[in-house]
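Structural description and commentary
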Amino acid sequence: MSGPDVTVVVAVYNTMPYLTACLDSLVGQTIGLDRLEVVAVDDGSTDGSGAELDRYAERYPGTVRVLHQANSGGPAAPSNLALDHARGRYVFFIGSDDHLGPEALERLVDAADRWDSDVVLGRMVGTNKRYVHQAVYATTQERLDLFDSDLPWSLSNTKLFRRELVERYGLRFRTDMPMGSDQPFTLEACFRAKKVSVLGDYEYYYAVKRDNAQNITYASRFSERLRCAEELVGFVAGLIEPGARRDAVLVRHFTWEVAKLLREEFLTLDPQEQRHVHDRVRKLAEAYLTDGVTARMAPEERLRVAVARDGDLDALRTLIEQQSDRSLPDVVVEGDSWYADHVGFRDPAFGYPDDWYDVTGRVAALLARLTATGLAWGRDAAGARALVITARSRRAELAELSADALRVSVGDLTGVTSVESAGPGTVVRTDFAVDRLLAVVAAAGERRIVRAEVSALGGTGSAPLRADRPVGAPRLVVRRGVRWHLVTPTTNHKGQVIVAITPVTPGRFLARLRRIWPSGGK
């Protein structure tokens, strides 16, 4: 009897109840149980995941096989064990908290057979606000070039691989990497493959962010992320010869794994740890940050990694602080060009070109970054009760824009805004008539973020209004028709200004009375 067409490898550690949805999505595949093999490895789970696997193995004895082992500390070892037992012509890897679309495996295997592909990607989407880079899935392509596509930005192992390719090159997962161990495997498979294909015509894979955010990507420690970055850059350098092809892959790692180490979080480390991280990042950048890599990087990430290479720790700290500032940076304006006056700008010690600092295309978005200074109840120009929001910008140029260039809105409702120069900056006042706020609110109530939108220099940008300290206005009970509403202007946990509008129902009214005058009180 011939073996299965595809083996699905599932490395499992404490993923209940997501594991059940994962397994259901596998045994329910349209490819059929006779063409499918599931090899699941329980990596020492303590939450009942092992028993759940055994239950499926008992129910589907010809399809689901389960192996149990002591906890190894990551997905690499259980994935390797499953590979050693795989019998399918193809192997597919799935996270045990993720799930597949019903037709996923049938479509993937059909494409691999039809095109004689060694690796096939199926479109991934994120659930529960999990981010998945989408560019590589924009279209279906029979042949995808590793060095001339967005494939380096999608190096998770959640793909279909021809098992003969995997075994020919002895591809296995790096057990010395607590996180990111699938990326060297995937990269080398794509590098060795005679053909890589992508299917963008169906939602093949649903990547789940757990409610407790305990996926290893989210729970990893800073030191592990740093080591992961070093290992990945080193692996690429060992696999691909220097030049444009290597640069095309390294741009991803310097942008995601390396530059992300140099964000606001870096400033929370103690000085000795900052120096340690800076030294290690500098060594990486000195060895592999070529002109070909920097030319492909986005401006902010490029500048962070370059300053880490060329500057001292104080310069790096200052740059991170400058980039972390949500307001418009200090700029040099020359004609219609705006340049961020950040570390290294026109400094011969760094020698970076002006275009690394050019923020002209982002001026509108930067001008929209207003700092809320007050929320109050007042009257608008017509004398009606209104919510009055005041904000400030560091830029005097905001006051010079045309009357309709700045709009401040609560949801779809645009307020009446006025601006005036105030010292080196601009003060913005916006009135929202209360009756207009209530006219656009949903019957069940809602919370809306206040946003500013600016049109300038041919572009439009928007940003939520933020406060650098808690601001708010007293709750206001307002009647519209026969309904009463509670309007609460305040800030959320991100410092964003919001307006919460809640209908006052008899039940809520009585509950509030009970909180004010509890039974049995004095």
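Attention in this report is confined to the structure presented alongside it.

Definitions and limits used
- Residues numbered from 1 in each chain as written.
- Predicted model: local features only at pLDDT ≥ 70, side-chain atom pairs only at ≥ 80, totals over all residues.
- Heavy atoms only, no water.
- Pairing = 2+ DSSP bridges.
- Helix = DSSP H or I, 4+ residues; strand = E, 2+ residues; numbered from the N terminus.
- Salt bridge = Lys/Arg side-chain N within 4 Å of Asp/Glu carboxyl O.
- Buried < 20%, exposed > 50% of the residue type's maximum accessible area, 1.4 Å probe, protein only.
- Polar contact = N/O pair within 3.5 Å; in protein donor to acceptor, adjacent residues only side chain to side chain.
- Axes fitted to C-alpha atoms, helices over the stretch in contact; angles between N-to-C directions.
- Parallel < 35°, antiparallel > 145°, perpendicular 65-115°, else oblique.
- Contact = heavy atoms within 4.5 Å.
- Nonpolar A, V, L, I, M, F, W, Y, C, P; charged D, E, K, R; others polar.
- Patch = residues over 30% accessible without salt bridge, like charges linked within 9 Å, V, L, I, M, F, W, Y side chains within 5 Å.
- Areas by Shrake-Rupley, 256 points an atom, 1.4 Å probe, with all protein chains shown as cover.

**Examining the pairing of strand β20 (residues 459-464)**
- Sheet topology places strand β19 (residues 446-456) next to β20; six bridges connect them, and they run antiparallel. Within the sheet, the bridge partner assigned to R451 lies in β20 and is P464.

**Considering the pattern of salt bridges**
- Per the counting criterion, the structure on display carries 39 salt bridges.
- Across the pair R172 and D84 runs a salt bridge, and its minimum N-O distance is 3.1 Å. Within this pair, whereas R172 is found in the loop between α5 (163-168) and α6 (182-192), its partner D84 is found in helix α3 (residues 76-85), the two being separated by 88 residues in sequence.
- With relative accessibility at 52%, the residue D84 sits in the exposed group.
- A salt bridge links R346 to E334; the shortest N-O distance between them is 2.8 Å.

**Some thoughts on the side chain of R317**
- Relative to the elements of secondary structure, R317 occurs in helix α13 (residues 313-324).
- Among the polar contacts made by the side chain of R317, one reaches the side chain of Q274 at a distance of 2.5 Å.

**Comments concerning the packing of helix α10 (residues 271-288) against α13**
- Where α10 contacts α13, the axes come no closer than 10 Å and their chain directions differ by 100°. Classed by the angle they form, the pair α10 and α13 counts as roughly perpendicular. Along the contact surface, α10 presents P271, Q274, R275 and H278, while α13 presents L313, L316 and R317.
- Here the residues of the contact of α10 with α13 sort into three nonpolar, two polar and two charged.

**Observations regarding a nonpolar patch on the surface**
- Side chains of V477, W484 and V504 sit close together on the surface and give an oily, nonpolar patch of about 260 Å² of accessible area.
- With respect to the helices and strands, V477 occurs in strand β21 (residues 476-480).
- Exposure remark for V477: the relative accessible area of 49% places this residue in the partly exposed category.

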